[in-house]
Amino acid sequence: MLRLCFAAVLIAIGAGCGNSQSHAVKVVGSTSIQPFAELLAEQYVAQNPTLGVEVQGGGSTAGLQAVANDLADIGMCSRLLKPEEEGEYTDTVIARDGLAIVVNPENSVQDLTTEQLRGLFTGKIQNWSEVGGQDGPVRPITREEGSGTRESFVHLVMGKERISRRSLTQESNGAVKELVKGDSAAIGYMSLGLVGPELRKVRIDGVEPTAENVLAGTYKLARPFLFVTRGTPGADAQHFFDYVLSEEGQKTLESEGLVRAQ
Amino acid sequence: MKQDKLIALALLMVAFSAVSGLALITVFIFKEGLPIIVKTGPGNFFLSSDWDPSSGNFGIFSMIAGSLAVTVCAMVIGTVFGLGLAIVLGEFCPPGLAAILKPVVELLAGIPSVVYGFVGVVTIVPLIRTYLGGPGLSVLASSIVLGIMVLPTVTSISMDALRAVPRSYWQGSIALGATKWQTTHMVMLKAAKSGIAAAIILGMGRAVGETMAVIMVAGNTLEVPHGILDPVRTLTSNIALEMGYASGQHREALFATGVTLFVIIMILNTVALVMARRGAGEGRTR
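Nothing here was measured: the structure is a model prediction, and the numbers come from that model.

Procedures and definitions
Residues numbered from 1 in each chain as written. Chains lettered and ligands numbered in written order. Predicted model: local features only at pLDDT ≥ 70, side-chain atom pairs only at ≥ 80, totals over all residues. Heavy atoms only, no water. Helix = DSSP H or I, 4+ residues; strand = E, 2+ residues; numbered from the N terminus. Buried < 20%, exposed > 50% of the residue type's maximum accessible area, 1.4 Å probe, protein only. Contact = heavy atoms within 4.5 Å. Areas by Shrake-Rupley, 256 points an atom, 1.4 Å probe, with all protein chains shown as cover. Rg over C-alpha atoms; globule rule 2.2 N^0.38 Å. Phe/Tyr/Trp six-rings, centres within 6.5 Å; stacked < 30°, edge-to-face > 60°. Domains from an automatic or database assignment. Buried area = accessible area lost by both parts, 1.4 Å probe. Salt bridge = Lys/Arg side-chain N within 4 Å of Asp/Glu carboxyl O. Polar contact = N/O pair within 3.5 Å; in protein donor to acceptor, adjacent residues only side chain to side chain. Nonpolar A, V, L, I, M, F, W, Y, C, P; charged D, E, K, R; others polar. Pairing = 2+ DSSP bridges. Axes fitted to C-alpha atoms, helices over the stretch in contact; angles between N-to-C directions. Parallel < 35°, antiparallel > 145°, perpendicular 65-115°, else oblique. Core = buried A, V, L, I, M, F, W, Y, C linked by side-chain atoms within 4.5 Å.

### Points about the overall build of chain B
So, point 1. Within chain B one finds twelve helices and two strands.
So, point 2. Secondary structure elements of chain B occur, N-terminal to C-terminal, as α-α-β-β-α-α-α-α-α-α-α-α-α-α.
So, point 3. With the C-alpha coordinates aligned to their principal axes, the bounding extent of chain B is approximately 70 × 70 × 30 Å.
So, point 4. Counting every position in chain B, which comprises 286 residues, the buried fraction comes to 45%.
So, point 5. Partitioning the contacts of chain B with sequence separation of at least 6, the portion at a separation of at least 24 is 72%.
So, point 6. For chain B, the accessible surface area stands at approximately 13,900 Å², while carbon and sulfur atoms represent 74% of it.

Written out as structure tokens, the structure is:
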């Protein structure tokens, strides 16, 4: 409990500090977008030394709340807005990201249908041999409740079905990567831009998970990266917004493994 | 004299503000957490394993079971090694070696928990996966990590308890012809038993409350574990995993998880305090 309160105090202090430099544009939200937003902010500030951009993580939902409470100018959201949120915010797609299904390189499965993928995560398919792999248990790895990556996965793959309670839960893309790297029975999902050479991406319904296929719309497991505001953003925020959507900003995102907005 | 009073008053205020901080925390988490327990119904909240915040199911039984399983196994490891260390350092070890070993054990307390978790993920988890099977992230992995983390607590408090036993007991037993080991386990350990129990319970408090290291090595599934190779989610890791995103009822349910944890730790600490007092009382009457 002490830890929690300490965190609360830190956040309060952080918010206090934020208020004191009110000229900086505050961008808060999804930890999936955070590294990209930080990179963009760095370049933007290098070009506009008088302006400031502060990027903070916290998660998609936390970002939306921060915008609603005027604690942030722009919220970062790595999932579609829910119906009840749509009226409240204005959202702009700044990039698209594929959701890669990753397995250990020792796993012989190359291809899965969406149906099979769903079965693997609901726990209906318990053995890799049922989907054409070697005989052995399946260990699905999921992300924690509330993660934008998880919500996109549920939206795109699971539909109404629930992710098995037996699935291992990890709290970051990095932790999922680490686990799949070491466990030949594991299957996980993560941001396409963050998959390293130590993992193998599985084809879904016969389509290779690449940036080109996401852009062409053939690879179905893709999600938008959103910048969310309430009403019209302020002048400084709008300026940063324009930079992100400019040719240069989009090129930066592309070079980091994302797919451009249009 | 006037200065004395002023200082006493100032110190009283400092002490009071620390205590009131604790009181505020208590009031706050109960205020945030209790309503959802009442709303879900204590039966559903504590005895159901169905935790699915997005569809409004809040059952924390699997996490209570997970916390208990991890804590009990960790204390078995922590007690065996911690008490063993305390006995060796206090009774058998040459003073020169003890002077090196004791600070080393105490140093363990200063290592941040992420480091323990990281070492666990990189070393213990793959070993378990390769040689014992299962996903590696498991009750066993968390217990080993936690067992090491509670060593300093268990060792140093047990040592103090052993040292508090009057030296005449030791001398008397040796004079009667008992060996050193017979004296240790039949006289010293018995005389110090309430202090040792307090050491174990305080260590248990630390094990129940540890979060970061456990998240990294426990696997965090929502299933009640059936064996020590199954992954688990503890109460603390549930809060830390989902805190960042939670809002509304989900957030309240996390606070309610905190309430549960708070009550468990309060019970453990009270038991430890009572045991320590009883131990002190026994010491005086003899």
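Let us keep going from here.
### A closer look at the overall build of chain A
So, point 1. Broken down by element type, chain A carries ten helices and twelve strands.
So, point 2. Taking 262 residues into account, the globule formula puts the C-alpha radius of gyration at 18 Å, and chain A, at 19 Å, falls close to it.
So, point 3. Overall size of chain A, expressed as C-alpha extent along the three principal axes, is 60 × 45 × 35 Å.
So, point 4. Looking at chain A as a whole, 50% of its 262 residues are labelled buried.

### With respect to the packing of aromatic side chains
So, point 1. Evaluated as defined, the whole model comprises twelve aromatic pairs over all chains.
So, point 2. Each ring, one from Phe 153 of chain A and one from Tyr 189 of chain A, has its centre 4.0 Å from the other, and the planes form 5 degrees; the classification is stacked. Of the two residues, Phe 153 of chain A sits in helix 6 (residues 148-158) while Tyr 189 of chain A sits in strand 8 (residues 186-191), which places them 36 residues apart along the sequence. Tyr 189 of chain A carries the same exposure label as Phe 153 of chain A, and that label is buried.
So, point 3. Measuring from centroid to centroid gives 5.7 Å for Phe 30 of chain B and Phe 262 of chain B, while their planes differ by 85 degrees, and the two rings are edge-to-face. Taken together, the residues Phe 30 of chain B in helix 1 (residues 2-40) and Phe 262 of chain B in helix 12 (residues 248-285) connect sequence positions 232 residues apart.
So, point 4. For Phe 30 of chain B, a relative accessible area of 24% gives the class partly exposed.
So, point 5. Connected via pairs of aromatic rings, a cluster forms that spans Tyr 44, Phe 227, Phe 240, Phe 241 and Tyr 243 of chain A.

### Some remarks on the domain arrangement of chain A
How big an interface is tends to be reported as the loss of accessible area on association of its parts.
All names here are of chain A.
So, point 1. Segmenting chain A into domains produces domain 1 (9-96 + 225-260) and domain 2 (97-216).
So, point 2. For domain 1 versus domain 2, the distance between C-alpha centres works out to 28 Å.
So, point 3. With 15 residues of domain 1 in contact, the opposing surface of domain 2 contributes 13 residues.
So, point 4. A combined buried area of about 1,100 Å² lies between domain 1 and domain 2, and 57% of that area is made up of carbon and sulfur atoms.
So, point 5. Counting across the domain 1 and domain 2 interface gives one salt bridge.
So, point 6. Across the pair Glu 151 and Arg 79 runs a salt bridge whose closest N-O atoms are separated by 2.7 Å.
So, point 7. The interface formed by domain 1 and domain 2 holds three residue pairs in polar contact (both at pLDDT 80 or more) in total.
So, point 8. Looking at the side of domain 1 that touches domain 2, the elements that each hand over two or more residues are helix 3 (60-68), strand 4 (90-103) and strand 12 (259-260).
So, point 9. Partitioning the side of domain 1 that touches domain 2 into residue classes produces five nonpolar, five polar and five charged.

### Side note on the interface of chain A and chain B
So, point 1. If you look at the interface, chain A gives 29 residues, while chain B gives 37 residues.
So, point 2. Taking both partners together, chain A and chain B bury about 2,700 Å²; carbon and sulfur atoms supply 56% of that area.
So, point 3. One can count four salt bridges joining chain A with chain B.
So, point 4. At the level of secondary structure, the elements contributing two or more residues to the side of chain A that touches chain B comprise helix 1 (2-20), helix 3, strand 6 (139-143), strand 7 (168-170) and helix 7 (173-182) of chain A.
So, point 5. Ranked by the residues each element gives to the side of chain A that touches chain B, the list is headed by helix 3 of chain A, at four residues.
So, point 6. Split by residue class, the side of chain A that touches chain B holds six nonpolar, twelve polar and eleven charged.

### What to know about the pairing of strand 3 (residues 74-77) of chain A
Residue and element names in this part refer to chain A.
So, point 1. By the alternation rule, side chains of strand 3 split into Ile 74 and Met 76 and Gly 75 and Cys 77, which are all buried.
So, point 2. In this sheet, strand 3 lies alongside strand 1 (residues 25-29) in parallel orientation, the contact comprising three bridges. Looking at the pairing, Val 27 lines up with Ile 74 of strand 3.

### Overview of helix 5 (residues 114-122) of chain A
Residues and elements named next belong to chain A.
So, point 1. Buried within helix 5 are the following residues: Thr 114, Leu 117, Gly 119, Leu 120, Phe 121 and Thr 122.
So, point 2. Among the structural elements, strand 4, strand 5 (111-112), strand 6, helix 6, strand 8 and strand 10 (203-204) are those in contact with the buried residues of helix 5.
So, point 3. With its phi angle positive at about 95 degrees, Gly 123 sits one or two positions after the end of helix 5.

### A look at helix 11 (residues 235-242) of chain B
So, point 1. Taking burial as the measure, the eight residues of helix 11 of chain B include seven buried ones, the bulk of the element.
So, point 2. For helix 11 of chain B, the complete set of buried residues consists of Leu 235, Thr 236, Ser 237, Asn 238, Ile 239, Leu 241 and Glu 242 of chain B.

### Regarding the packing of helix 9 (residues 235-245) of chain A against helix 10 (residues 247-255) of chain A
A packed helix pair is summarised by two numbers, namely the angle formed by the two axes and the spacing between the axes.
Residues and elements named next belong to chain A.
So, point 1. Look at helix 9 against helix 10: their axes get within 4 Å of each other, and the N-to-C directions meet at 60 degrees. By the angle between their axes, helix 9 is oblique relative to helix 10. Side by side, helix 9 and helix 10 meet where Tyr 243, Val 244 and Leu 245 of the first sit next to Glu 247, Glu 248, Gly 249 and Gln 250 of the second.
So, point 2. The residue inventory of the contact of helix 9 with helix 10, partitioned by class, reads three nonpolar, two polar and two charged.

### What to know about the nonpolar core
So, point 1. The biggest cluster of nonpolar side chains holds 60 residues, and the ones touching the most others in it are Ile 101, Leu 112, Leu 117, Phe 121, Trp 128, Phe 153 and Ile 187 of chain A.
So, point 2. Top contributing element to this core by residue count: helix 6 (residues 139-164) of chain B, with eight residues.
So, point 3. With near-sequence residues (within four places) excluded, Leu 117 of chain A lies in contact with Ile 101, Leu 112, Phe 153, Val 157, Ile 187, Ile 204 and Leu 221 of chain A.
So, point 4. Formed by 23 residues, the second largest nonpolar core is a distinct cluster that contains Val 25, Phe 225, Ala 237 and Tyr 243 of chain A.

### Concerning the side chain of Arg 233 of chain B
So, point 1. Inspection of the secondary structure puts Arg 233 of chain B in the loop between helix 10 (212-218) and helix 11.
So, point 2. Assessed through its relative accessible area of 3%, Arg 233 of chain B is described here as buried.
So, point 3. Here the side chain of Arg 233 of chain B touches Asn 238 of chain B through a polar contact of 2.9 Å, side chain to side chain.
So, point 4. Once residues within four sequence positions are removed from consideration, Arg 233 of chain B is found in contact with Thr 169 of chain A together with Trp 51, Ser 62, Met 63, Gly 66, Ser 67, Asn 220, Thr 221, Leu 222, Asn 238, Leu 241 and Glu 242 of chain B.

### Some thoughts on the pattern of salt bridges
Between side chains of opposite charge, pairing is possible as soon as their charged atoms come close.
So, point 1. Per the counting criterion, the structure on display carries 24 salt bridges over all chains.
So, point 2. With a shortest N-O distance of 3.3 Å, Glu 32 of chain B and Lys 31 of chain B are connected by a salt bridge.
So, point 3. With a relative accessible area of 14%, Glu 32 of chain B lands in the buried category.
So, point 4. Taking relative accessible area as the criterion, Lys 31 of chain B reaches 54% and is therefore assigned exposed.
So, point 5. One salt bridge connects Arg 163 of chain B with Asp 160 of chain B, and the closest N-O pair in it is separated by 4.0 Å. On the criterion of helical spacing, the pair formed by Arg 163 of chain B and Asp 160 of chain B is a turn pair, its members being three residues apart in helix 6.
So, point 6. Where salt bridges share partners, they join Glu 247, Lys 251, Glu 254 and Arg 260 of chain A into one cluster.

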